[in-house]
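# Overview (structure and organization)
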Amino acid sequence: MLGMLFNEKECKELDYVLRKELDEMLFDLSDQRLDQDIRNAIANRYKTVFRMYARFAPQKELSKYARNSKLSQSKQ
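Residues numbered from 1 in each chain as written. Predicted model: local features only at pLDDT ≥ 70, side-chain atom pairs only at ≥ 80, totals over all residues. Heavy atoms only, no water.

## Notes on the packing of aromatic side chains
Filter applied, for reference: Two rings from Phe, Tyr or Trp (for Trp, the six-membered ring) form a pair when their centres are within 6.5 Å of each other. A pair whose planes differ by under 30 degrees is stacked, one over 60 is edge-to-face, and the rest are tilted. Going along the chain from the N terminus, every DSSP run of H or I of four or more residues is numbered as a helix, and every run of E of two or more is numbered as a strand. Exposure categories follow from relative accessible area, calculated using a 1.4 Å probe and restricted to protein chains: below 20% of the type maximum is buried, above 50% is exposed, and the middle band is partly exposed. Whether a charge sits over a ring comes down to the Lys NZ or Arg CZ being within 6 Å of the ring centre and within 35 degrees of the ring normal.
Considering all chains together, one arrives at 3 aromatic pairs under this definition. Plain terms: the ring middles of Tyr-46 and Phe-50 are 6.3 Å apart, the flat faces sit at 10 degrees to each other, and that makes the pair stacked. Taken as a pair, Tyr-46 and Phe-50 lie in helix H2 (residues 36-54) at a separation of 4 residues, close to a single helical turn. Here Tyr-46 and Phe-50 have matching classes, each one buried. Here Tyr-53 and Phe-56 contribute two aromatic rings whose centre-to-centre distance is 5.8 Å and whose plane-to-plane angle is 80 degrees, an arrangement assigned as edge-to-face. For Phe-56, a relative accessible area of 38% puts it in the partly exposed group. Here a set of aromatic residues connected by ring pairs shows up, and it is made of Tyr-53, Phe-56 and Tyr-65. Residue placement shows Arg-67 over the ring face of Tyr-46; its charged tip is 5.6 Å from the ring centre.

Here is the structure:
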């Protein structure tokens, strides 16, 4: 386990960076032109970044980025 201390400005920046990364990965996952292996790699990375974001994001914000894994697998 690794701990870090952030001031308010750094927390807002981290929140912004993680949200933008999640948005980009969701966009990439919706692109049917991407190879399945690439989509799987993006999905695995998404899970990691989502867990990071879930540690401090409000529930309302978190629900915007929650993926239904059964639904997303059936679309692939």
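## Remarks on the layout of surface pockets
Formally: A pocket, in this scheme, is an open set of points on a 1 Å grid over the protein atoms alone with protein on both sides within 12 Å along at least 5 of 7 lines, while a cavity is a set where a 1.4 Å probe fits but cannot get out; residues line either one if an atom lies within 4 Å of a point. Grid points are joined across faces, edges and corners, and a volume is the space filled by probe spheres set on the points. Think of it as three bins: nonpolar holds Ala, Val, Leu, Ile, Met, Phe, Trp, Tyr, Cys and Pro, charged holds Asp, Glu, Lys and Arg, and polar takes everything else, Gly as well.
In this model, the largest pocket occupies a volume close to 360 Å³. Around the largest pocket, the lining residues are Met-1, Leu-2, Gly-3, Met-4, Phe-6, Cys-11, Leu-14, Leu-18, Met-52, Arg-55 and Phe-56. Its residues assigned to classes, the lining of the largest pocket shows 9 nonpolar, 1 polar and 1 charged.

## Comments concerning the nonpolar core
So the rule is basically this: Among buried residues, those of type Ala, Val, Leu, Ile, Met, Phe, Trp, Tyr and Cys that are joined through side-chain atoms within 4.5 Å constitute a nonpolar core. The contact definition used throughout considers only heavy atoms, calling two residues in contact when any of these lie within 4.5 Å.
Counting residues in hydrophobic clusters, the biggest one holds 13 residues, and the most contacted among them are Leu-22, Met-25, Tyr-46, Phe-50, Tyr-53 and Tyr-65. Contributing elements (two or more residues each) for this core: helix H1 (8-29), H2 and helix H3 (59-65). Among the elements that make up this core, the one with the highest residue count is H2 (6 residues). What Phe-50 contacts, discounting residues up to four positions off in sequence, is Leu-22, Leu-62, Tyr-65 and Ala-66.

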